[in-house]
Amino acid sequence: MAKSNKDYFGLSYIVSVILAIIPVTSWILGVLTRLSEGKIVAGILRLLLGWNIIWILDIVFMVLNKRIIRILNI
């Protein structure tokens, strides 16, 4: 699949928002997205902390910015 500036591996905006709303897919795809960007520490933090406020922030950021939240850029 071609690289895109969109999150969740270049899927369309509507599909990405739907996937962000579902907690399990948001958690898994958030971790995979951060790891695919080469941000290992951010991926591990999402793996450990992605079930709470990060999930809600992902939904808000996906609707407003069309990207998941990037708290840590390491």
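Here's what I pulled together on the structure shown here. (Residues numbered from 1 in each chain as written. Predicted model: local features only at pLDDT ≥ 70, side-chain atom pairs only at ≥ 80, totals over all residues. Heavy atoms only, no water.)

1. Things to note about helix 4 (residues 53–65)
In an α-helix there are 3.6 residues to a turn, and that puts residues three or four apart on one side.
Here is step 1 of the chain: Compared with the 18 Å implied by 1.5 Å per residue over 13 residues, the 17 Å span of helix 4 between its first and last C-alpha is a close match.
Here is step 2 of the chain: Those residues of helix 4 that fall on the buried side of the exposure criterion are I54, D58 and M62. Along the axis of helix 4, the buried positions cluster into a sector of 75°, meaning they face one direction only. For helix 4, the exposed residues lying more than 90 degrees away from the buried face are I53 and L64.
Here is step 3 of the chain: On the buried face of helix 4, the contacting elements are helix 1 (13–21), helix 2 (23–36) and helix 3 (40–49).
Here is step 4 of the chain: One or two steps after helix 4, the chain reaches K66, where phi turns positive at roughly 65°. (Helix = DSSP H or I, 4+ residues; strand = E, 2+ residues; numbered from the N terminus. Expected span 1.5 Å × (residues − 1). Buried < 20%, exposed > 50% of the residue type's maximum accessible area, 1.4 Å probe, protein only. Arc of directions from axis to C-beta. Contact = heavy atoms within 4.5 Å.)

2. A short note on the pattern of salt bridges
Here is step 1 of the chain: Scanning all chains against the criterion turns up three salt bridges.
Here is step 2 of the chain: With its nearest N and O atoms 2.3 Å apart, the salt bridge here joins E37 to R70. Of this pair, E37 sits in the loop between helix 2 and helix 3 while R70 is found in the segment after helix 4, placing the two residues 33 residues apart along the sequence.
Here is step 3 of the chain: Residue classification places E37 among the partly exposed residues on the basis of a relative accessible area of 32%.
Here is step 4 of the chain: The salt bridge partner of R46 is D58, with a shortest N-O separation of 2.8 Å. Placement of R46 in helix 3 and of D58 in helix 4 is noted, with a sequence separation of twelve residues between them.
Here is step 5 of the chain: Overall, the relative accessible area of 7% leaves R46 in the buried class.
Here is step 6 of the chain: One salt-bridge network, held together by shared partners, links R34, E37 and R70. (Salt bridge = Lys/Arg side-chain N within 4 Å of Asp/Glu carboxyl O.)

3. Examining the packing of helix 1 against helix 2
Here is step 1 of the chain: Running from N to C, helix 1 and helix 2 point in directions that differ by 110°, and their axes come no closer than 5 Å. By the criterion of interaxial angle, the relationship of helix 1 to helix 2 is roughly perpendicular. From helix 1, L19, A20 and I21 reach across to helix 2, where they touch P23, T25, S26 and L29.
Here is step 2 of the chain: Here the contact of helix 1 with helix 2 is built from residues that sort into five nonpolar, two polar and no charged. (Axes fitted to C-alpha atoms, helices over the stretch in contact; angles between N-to-C directions. Parallel < 35°, antiparallel > 145°, perpendicular 65-115°, else oblique. Nonpolar A, V, L, I, M, F, W, Y, C, P; charged D, E, K, R; others polar.)

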